[in-house]
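Chain residues, written in single-letter form:
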Amino acid sequence: EAGVVQSPRYKIIEKKQPVAFWCNPISGHNTLYWYRQNLGQGPELLIRYENEEAVDDSQLPKDRFSAERLKGVDSTLKIQPAELGDSAVYLCASTPGGSETQYFGPGTRLLVL
Amino acid sequence: QQQVKQSPQSLIVQKGGISIINCAYENTAFDYFPWYQQFPGKGPALLIAIRPDVSEKKEGRFTISFNKSAKQFSLHIMDSQPGDSATYFCAVKRAGNTGKLIFGQGTTLQVKP
């Protein structure tokens with residue numbers, strides 16, 4: 001069974017530029033999460049989807065961050081414009097219904113110069 | 001607010017030794033306590049998890065000890081191996097809140113041959 005797929009794996013951009021990350025969860029997993037992991041820290045939840053509905057986006061900086069999960073499968077996280085402090089690893093995770101185990105992708109490492 | 005405090009920040013253990021990582025939490029409303037393992041360049045992966053109705057859970061060389069009254073839980077790795085060298089994160093989930101994990105800051109474990 002394929003795991004959570006994320007792309008790109010690495011991204012280097014200049015500040016004020018836009019950037020987007022893509023996530024394909026494990027097939028059949030209806031819950032999808034985006035986390036941000038700063039260097040030397042644990043992941044912090046940005047947004048959680050149940051199918052195509054964002055059910056917890058309280059930690060998402062909505063002035064510059066946006067996310068979507070069309071058709072309840074793939075998801076995209078966007079930052080516009082990026083700031084230096086956005087440099088981090090962006091992790092996507094998914095969970096099948098009724099389970100608490102979150103399966104993480106390898107993440108996208110973002111460097112904002 | 002820091003709801004989960006993990007210690008130590010780093011740990012060096014000889015092969016065959018016991019690795020012990022601790023977590024303390026501040027809220028009694030959590031009902032799920034997992035440990036995740038993360039290798040460089042990879043996403044976290046669930047190692048073992050416990051619920052507050054039991055005091056200990058063992059899976060192979062990995063054991064969680066849970067002290068509800070002290071609001072602490074710990075991960076014990078018996079017969080530590082060089083392949084166990086990774087970063088370990090404890091996490092908590094609030095009861096009734098589907099999915100959102102709050103992670104500790106992480107412990108980097110190095111097992112020397």
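In short, a report on the structure. (Residues numbered from 1 in each chain as written. Chains lettered and ligands numbered in written order. Predicted model: local features only at pLDDT ≥ 70, side-chain atom pairs only at ≥ 80, totals over all residues. Heavy atoms only, no water.)

1. As for the packing of aromatic side chains
Then, number 1: The full count for this structure, using the stated rule, is 17 aromatic pairs over all chains.
Then, number 2: The interplanar angle of 90° and the centroid separation of 6.3 Å between the aromatic rings of Phe89 of chain B and Phe103 of chain B together place this pair among those described as edge-to-face. On the criterion of sequence distance, the pair formed by Phe89 of chain B in strand β9 (residues 86-94) and Phe103 of chain B in strand β10 (residues 101-103) is long-range, its members being 14 residues apart. Each member of the pair Phe89 of chain B and Phe103 of chain B is classed as buried.
Then, number 3: Through a chain of ring-to-ring contacts, the aromatic side chains of Tyr33, Tyr35 and Phe104 of chain A together with Tyr36, Phe89 and Phe103 of chain B assemble into a single cluster. (Phe/Tyr/Trp six-rings, centres within 6.5 Å; stacked < 30°, edge-to-face > 60°. Helix = DSSP H or I, 4+ residues; strand = E, 2+ residues; numbered from the N terminus. Buried < 20%, exposed > 50% of the residue type's maximum accessible area, 1.4 Å probe, protein only.)

2. Observations concerning the nonpolar core
Then, number 1: In this structure, Phe33, Trp35, Phe73, Leu75, Tyr88 and Val92 of chain B are the most contacted members of the largest nonpolar core, which totals 25 residues.
Then, number 2: Contributions of two or more residues to this core are made by β2 (10-14), β3 (19-25), β4 (30-38), β5 (45-50), β7 (62-67), β8 (72-77), β9 and β11 (107-112) of chain B.
Then, number 3: Residue contacts for Tyr88 of chain B: discarding those within four places in its chain leaves Gln6, Ile21, Tyr36, Gln37, Leu47, Leu75, Ile77, Gly106, Thr107 and Leu109 of chain B.
Then, number 4: Val19, Cys23, Ile47 and Leu110 of chain A belong to the second-largest nonpolar core, a separate cluster that totals 21 residues. (Core = buried A, V, L, I, M, F, W, Y, C linked by side-chain atoms within 4.5 Å. Contact = heavy atoms within 4.5 Å.)

3. Points about the state of the cysteines
All names here are of chain B.
Then, number 1: Per the counting criterion, the structure on display carries 2 disulfides over all chains.
Then, number 2: The disulfide partner of Cys23 is Cys90, and the gap between their sulfur atoms is 1.6 Å. Looking down the S-S bond of the Cys23 and Cys90 bridge, the torsion is -65°, so its handedness is left-handed. Separated by 67 residues along the polypeptide, Cys23 in strand β3 and Cys90 in strand β9 bring together distant segments of the chain. By the burial criterion, Cys23 is buried, and Cys90 matches it. (Disulfide = S-S within 2.5 Å.)

4. So, the environment of Leu75 of chain B
Then, number 1: The topology assignment puts Leu75 of chain B in strand β8.
Then, number 2: Sequence-distant contacts of Leu75 of chain B, defined by excluding residues within four places in its chain, comprise Ser19, Ile20, Ile21, Trp35, Leu47, Ile48, Phe62, Thr63 and Tyr88 of chain B.

5. Looking at the side chain of Gln6 of chain A
Residue and element names in this part refer to chain A.
Then, number 1: Assignment of secondary structure puts Gln6 in strand β1 (residues 5-7).
Then, number 2: The exposure class of Gln6 is buried, given its relative accessible area of 5%.
Then, number 3: Here the side chain of Gln6 touches Cys92 through a polar contact of 3.0 Å, landing on its backbone nitrogen.
Then, number 4: Polar side-chain contacts of Gln6 include one of 2.9 Å to the backbone nitrogen of Gly107. (Polar contact = N/O pair within 3.5 Å; in protein donor to acceptor, adjacent residues only side chain to side chain.)

6. Some thoughts on unusual backbone geometry
Then, number 1: A cis amide bond links Ser7 of chain A with the next residue in sequence, Pro8 of chain A, at an omega value of -10°.
Then, number 2: In this fold, Pro8 of chain A is placed in the loop between β1 and β2 (10-13).
Then, number 3: Note that the residue after Gln80 of chain A, namely Pro81 of chain A, is joined by a cis bond; omega there is -5°.
Then, number 4: Looking at the secondary structure, you find Pro81 of chain A in the loop between β8 (75-79) and β9 (88-95).
Then, number 5: Positive phi, close to 80°, is recorded for Lys16 of chain A, a residue that is not glycine.
Then, number 6: Structurally, Lys16 of chain A can be placed in the loop between β2 and β3 (19-24).
Then, number 7: Its identity as a non-glycine residue notwithstanding, Lys71 of chain B has a phi of 55°, on the positive side.

7. Remarks on the environment of Gly85 of chain A
Residue and element names in this part refer to chain A.
Then, number 1: Among the structural elements, Gly85 can be located in the loop between β8 and β9.
Then, number 2: Judged by relative accessible area, Gly85 falls into the exposed class, the value being 58%.
Then, number 3: Once the C-alpha coordinates of Gly85 and Phe65 are considered, the two residues, 20 residues apart in sequence, prove to be 13 Å apart.

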